[in-house]
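The primary structure of each chain is shown beneath.
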Amino acid sequence: MSASEEVRAGLVAVASGVPGMTVSVLLSSVAQLHPPPAGPPLAIVDISRLHGRSVDASFWSMLPWRTRVVLVCRPGEPPLPADAVAAGVRAMVLPDCSRDELGIAVEAAALDHVYICPRLVGALFEATPDTGVRLSDREIETLRLVADGLSNPMIGQRMGVATMTAVGYIGRVRRKLNADSKRDLTARGIELGYLSPR
């Protein structure tokens, strides 16, 4: 399954070379998939052209129950493994995977095992510890002002709040980012992508 005819043709070419695999259905949308027995027991779904925000709960809910999925992912934006596996994904590969690798992924999915392309593993586990770190717009604003080196009263003034309210925001951001000082807070903000390095 892929929205791109070119990608579908490439997946068919690679999948056709996998021993024991037959390509029986070509679809352009996940919404066209039906659960077994009417639909295929295994589907290769290309999300490599979707951005991370497009792959959310509504996307996962479109995958038919009992269909095992091999997901073709963007290199820099793989979905969270727990969400993917809960939706039926049993393997994740990159768009440039070889026939051998696709064969391993398909075999793992068919056996209800899990396979993740080794080149995706680093990106998946790099992001996993920080997935719970979500800052509100106000907290991001606070973080940026801290990184600019402003004092607590100056941060409060810029934000249009009392100094103690600004101190509260700073404390909340420090707890969320597990930072002991303003210097650590800035470093964590850069590490997590909330701040750009200068």
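Before reading further, recall that the structure is shown in the block above.
Residues numbered from 1 in each chain as written. Predicted model: local features only at pLDDT ≥ 70, side-chain atom pairs only at ≥ 80, totals over all residues. Heavy atoms only, no water.

1. Things to note about the overall build of the chain
Then, number 1: The helix and strand inventory of the chain stands at 9 helices and 4 strands.
Then, number 2: Sequence-ordered secondary structure for the chain, helices as α and strands as β, is α-β-α-β-α-β-α-β-α-α-α-α-α.
Then, number 3: Counting across all 198 residues of the chain, residues that qualify as buried make up 41%.
Then, number 4: Of the contacts formed within the chain by residues at least 6 apart in sequence, a portion of 58% connects residues at least 24 apart. (Helix = DSSP H or I, 4+ residues; strand = E, 2+ residues; numbered from the N terminus. Buried < 20%, exposed > 50% of the residue type's maximum accessible area, 1.4 Å probe, protein only. Contact = heavy atoms within 4.5 Å.)

2. Here we look at the sheet that holds strand E4 (residues 115-116)
Strand pairs in the sheet, formed through backbone hydrogen bonds, run parallel or antiparallel to each other.
Then, number 1: Reading across the sheet, the 4 strands line up as E1-E2-E3-E4 and stay open at both edges, with parallel pairing between neighbours. The open sheet terminates on both sides in strands that have one partner only, identified here as strand E1 (42-46) and E4.
Then, number 2: Here strand E3 (residues 89-93) runs beside E4; their pairing, made up of 2 bridges, is parallel. Counted as the bridge partner of Ala91 is Tyr115 from E4.
Then, number 3: Contacts from helix H4 (residues 99-110) reach E1, strand E2 (68-72), E3 and E4 within the one sheet, and its direction differs from that of E2 by about 150 degrees. (Pairing = 2+ DSSP bridges. Axes fitted to C-alpha atoms, helices over the stretch in contact; angles between N-to-C directions.)

3. A word on the nonpolar core
Then, number 1: Formed by 20 residues in total, the largest nonpolar core has its most connected members in Val45, Phe59, Trp60, Leu63, Leu71, Val89 and Met92.
Then, number 2: Elements represented by at least two residues in this core include exactly E1, helix H2 (57-62), E2 and E3.
Then, number 3: Among the nonpolar cores identified, the runner-up in size contains 18 residues, and Ile140, Val146, Tyr169 and Tyr194 belong to it. (Core = buried A, V, L, I, M, F, W, Y, C linked by side-chain atoms within 4.5 Å.)

4. Here's the deal with the pairing of E2
Then, number 1: Of all 5 residues making up E2, 4 are buried, and the element is well covered by its neighbours.
Then, number 2: Where E1 meets E2, 5 bridges bridge the pair, whose relative direction is parallel. Among the inter-strand pairings, Asp46 is bridged to a residue of E2, identified as Val72.
Then, number 3: Where E2 lies against E3, 4 bridges are found, and the strand directions are parallel. Note on E3: the bridge partner recorded for Val72 is Val93.

5. Side note on the side chain of Glu139
Then, number 1: Counting through the fold element by element, Glu139 comes out in helix H6 (residues 137-147).
Then, number 2: Excluding residues within four positions of it along the chain, Glu139 makes contact with Arg134, Arg172, Val173 and Lys176.

6. Let's talk about the packing of H6 against helix H9 (residues 182-191)
Then, number 1: Direction vectors running N to C along H6 and H9 enclose 120 degrees, while the axes themselves pass 9 Å from each other. The orientation of H6 relative to H9 falls into the category oblique. In this structure, H6 crosses over H9, and the sense of that crossing is left-handed. Taking contact as the criterion, the partners of Leu143, Val146 and Ala147 in H6 are, on H9, Lys182, Leu185, Thr186 and Gly189.
Then, number 2: Taken together, the residues of the contact of H6 with H9 sort by class into 4 nonpolar, 2 polar and 1 charged. (Parallel < 35°, antiparallel > 145°, perpendicular 65-115°, else oblique. Left-handed = near helix turned anticlockwise from the far one by under 90°. Nonpolar A, V, L, I, M, F, W, Y, C, P; charged D, E, K, R; others polar.)

7. What about the environment of Val89?
Then, number 1: Within the secondary structure layout, Val89 lies in strand E3.
Then, number 2: Judged by its relative accessible area of 1%, Val89 is buried.
Then, number 3: In this structure, the C-alpha to C-alpha distance between Val89 and His113, residues 24 residues apart in sequence, is 9.8 Å.
Then, number 4: If near-sequence neighbours (up to four positions away) are discounted, Val89 is found in contact with Trp60, Leu63, Val69, Leu71 and Ala84.

8. Re H6
Then, number 1: Turning to H6, its buried residues number three or more, namely Glu139, Ile140, Thr142, Leu143, Leu145 and Val146.
Then, number 2: Those residues of H6 hidden inside the fold are in contact with helix H7 (152-159), helix H8 (163-177) and H9.
Then, number 3: Phi turns positive, to about 85 degrees, at Gly149, one or two residues after H6.

9. What to know about the pattern of salt bridges
Then, number 1: Evaluated as defined, the whole model comprises 7 salt bridges.
Then, number 2: Residue Glu191 pairs with Arg188 through a salt bridge whose shortest N-O separation is 2.9 Å. Residue Glu191 and its partner Arg188 are located together in helix H9, separated by 3 residues, close to a single helical turn.
Then, number 3: The exposed category is assigned to Glu191, whose relative accessible area is 55%.
Then, number 4: Taken together, the shared-partner salt bridges in this structure form one network comprising Arg68, Arg90 and Asp112. (Salt bridge = Lys/Arg side-chain N within 4 Å of Asp/Glu carboxyl O.)

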